[in-house]
Every structure is written in C-alpha cells, then in structure tokens.
Amino acid sequence: MNNAMKSLLIPVLSIALFFAFQPAALADIDGLPPGTEDTLRNIQQSMYPPQIYKISISPDPAVSGKPVTITAELSNDRNKTEDKTIQAWIMYSVNGGDSWDNIDMDQSANEKSWSGEIPPQEAGTEVFYGLRAADTSNNIMTELPCYISSWPPKDDPCLFDIAVDDDPLDDDPSVYPDDFDISRLRGGEDKDYIYLEYTVQGKISAGTLTPVFAHIYGVAVQNPDGGDPNNIITQGFL
C-alpha cells in the first residue's frame, strides 16, 4: 500500500495525506491605480478555501457488512474570510485508487460538522478516501488521498479534479477567449513534486506576432501555514 494513502481496511485506519489548493496571497496592494486596489482587496477577501479541522469514523474500527460514517469539521477560517462552506463530498476507492466514487456529505445544524456514509464492504476490503469541499466564492479544497505514481501523470488516478466548469463549458468568448477558457483543472503530488494540469477550450500557445497578442499562463503556489498572508514572496512561489 502507498503509505501516503488514507485507508480504511476492515478494520484498520491509517494516517491522512492532506493538500489544499487555493489561489496565492497577494503582495502589498496599497497605492495601486483607482479601482485596481479595490478589486484586488475583494479578491484577497475571497481567496481562502474551506479547511479540515477534524475527522472521525464510526464504527471505529470499521465492521465488515456495515456502512462507515465519516464525520469532519469543515469550514472557512472566519479570521481570514467571510466565505462559508456550502458543499462537501467524500471521495473513496475500493480498488487501490484505480477508480473513485463521490458521496455527498450532509451539513449539521452547527454548520461546521459534515458527515457521509461509505457503503458496506466485505471483510478485508481496503477503502482509500479523501474529502472535498466548496465555499460561497467557488473555492475548492481537495484532500489528496494518494500519491502520483506515473510519468507523465495524465491518466494517473491520483491526479484529482481541483475545479471543473459547470455546463455550459463554453464561456462568453468576449470575456474569455477560447485559448484562456479553462474547462478543467487537476492536481496531484508525490514525495518530491506538485503536479498541475489544466485544459483550455482553444490551445495553449505563445500568441501571435501580427497582431501582437502575447499569451501568458501562470500558476501561483502558496503555503498557507507559513509566512505573511499578505505577501506571496514569504509563502510560496510563482
């Protein structure tokens, strides 16, 4: 078994691997042109995804032939954002990560507690699972239950959807040209690297010379546990 996987072996449970994807923090934005500063401040206030604070299972240890309830404390950090967690799912696999199913989680009255049931399994079945949650600004938190094991990781089952556009996938071309219309974003990691894959409706290219139109694609990676949350240089890299 990949020791990065969180697994539920009837009746054994192992430790979780956790990785949350979110936009990078902004550097100092004071003194920018009128309008730009307000826009960036609005982005900064809505860029923090839900977080996992606690996970428990019941029954513990799991019992063959009975469902397992996963309960988690999931919420946005009120000290950083006014966004609220509005959806949560359990991702689970019973075939070593070759394929994954999703289960909707129900929110309790206190809003922070979410729960869902993994269906009953036969004795000896190892269940890998992770959690996913979304908030009111469409930020997605994805827990990665397993490591990427292949290169290139295009078809690796541990490369997970971070964000997927709802239908219709074709955004207004006057706002998002096809070459910048991202329809799918996936991510994963192994012990050494973070992998990101995104698909655009058009094609990823350098742009054109006549007329001059440069295509610039970028990804920001941030460590939310370190550095100044208002300065990307202290938290990660571009």
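Scroll up for the structure.
Residues numbered from 1 in each chain as written. Predicted model: local features only at pLDDT ≥ 70, side-chain atom pairs only at ≥ 80, totals over all residues. Heavy atoms only, no water.

Enquirer: I'm lost on the sheet that holds strand S8 (residues 113-118) in this one. Help?
Expert: Pairing between the strands of a sheet comes from backbone hydrogen bonds, and it takes one of two forms, parallel or antiparallel. Overall, antiparallel pairing links the 4 strands, which are arranged S3-S4-S8-S7 in an open sheet. At either margin of the open sheet sits one strand with a lone partner, and together these are strand S3 (51-58) and strand S7 (106-107). Direction of pairing for S3 relative to strand S4 (residues 68-75): antiparallel, over a ladder of 7 bridges. Counted as the bridge partner of Ser56 is Thr71 from S4. (Pairing = 2+ DSSP bridges. Helix = DSSP H or I, 4+ residues; strand = E, 2+ residues; numbered from the N terminus.)

Enquirer: Before we go on, may I ask you to explain the packing of aromatic side chains in this structure?
Expert: Between two aromatic rings, the relevant description is the distance of the centres plus the angle of the planes. Taken as a whole, this structure holds 6 aromatic pairs when the rule is applied. With a centroid separation of 5.8 Å and 45° between ring planes, the pair formed by Trp151 and Tyr195 is classed as tilted. One end of the pair, Trp151, is in the loop between strand S10 (140-142) and strand S11 (160-164); the other, Tyr195, is in strand S13 (residues 194-200), and 44 residues separate them in sequence. The exposure class of Trp151 is exposed, given its relative accessible area of 68%. Taken together, the ring pairs in this structure connect Phe180, Tyr198, Phe213 and Tyr217 into an aromatic cluster. (Phe/Tyr/Trp six-rings, centres within 6.5 Å; stacked < 30°, edge-to-face > 60°. Buried < 20%, exposed > 50% of the residue type's maximum accessible area, 1.4 Å probe, protein only.)

Enquirer: Sorry, what's going on with the state of the cysteines here?
Expert: One covalent bond between the sulfur atoms of two cysteine residues makes up a disulfide. Considering all chains together, one arrives at 1 disulfide under this definition. Across the disulfide, Cys146 is cross-linked to Cys158 (sulfur-sulfur distance 1.9 Å). Between Cys146 and Cys158, the disulfide has an S-S torsion of -115° and is therefore left-handed. Pair noted here: Cys146 is in the loop between S10 and S11 and Cys158 is in the loop between S10 and S11, with a separation of 12 residues, a long-range link. Pair check on accessibility: Cys146 and Cys158 agree, each one buried. (Disulfide = S-S within 2.5 Å.)

Enquirer: What is the right way to look at the pairing of strand S9 (residues 126-135) in this model?
Expert: If a strand is regular, its side chains alternate between the two faces of the sheet. Among the 10 residues of S9, 9 are classified as buried, and the element is accordingly described as predominantly covered. The sheet contact formed by strand S5 (residues 85-93) and S9 spans 8 bridges and is antiparallel. Along S9, the bridge assignment pairs Tyr92 with Tyr129. For S9 and S10, the ladder comprises 3 bridges, and the chain directions are antiparallel. Across the sheet, Ala133 pairs through a bridge with Met141, a residue of S10. Counting the residues between successive antiparallel strands, the hairpin from S9 to S10 contains 4 residues, one of them, Asn138, with a positive phi of roughly 65°.

Enquirer: So what exactly am I meant to see when it comes to the pattern of salt bridges here?
Expert: Note that side chains of opposite charge can pair when their charged atoms are close. Taken as a whole and judged by the stated rule, the model has 3 salt bridges. As a salt-bridge pair, Glu111 and Arg78 come within 4.0 Å of each other at their nearest N and O atoms. Of this pair, Glu111 sits in the loop between S7 and S8 while Arg78 is found in the loop between S4 and S5, placing the two residues 33 residues apart along the sequence. The residue Arg184 makes a salt bridge to Asp161 at a minimum N-O spacing of 2.7 Å. Remark: Asp161 occurs in strand S11 and Arg184 occurs in strand S12 (residues 182-189); sequence separation between them is 23 residues. Residue classification places Asp161 among the partly exposed residues on the basis of a relative accessible area of 23%. (Salt bridge = Lys/Arg side-chain N within 4 Å of Asp/Glu carboxyl O.)

Enquirer: Got a minute to help me understand a nonpolar patch on the surface in this structure?
Expert: Among the surface-exposed residues, Ile194, Leu196 and Val219 lie close enough to one another that they form a single nonpolar patch of about 210 Å² accessible area. The residue Val219 is located in the loop between strand S15 (213-214) and strand S16 (221-222) in this model. Given the relative accessible area of 36%, Val219 is considered partly exposed. (Patch = residues over 30% accessible without salt bridge, like charges linked within 9 Å, V, L, I, M, F, W, Y side chains within 5 Å. Areas by Shrake-Rupley, 256 points an atom, 1.4 Å probe, with all protein chains shown as cover.)

It is worth stressing that arrangement in space is one thing and function is another; only the former is reported here.
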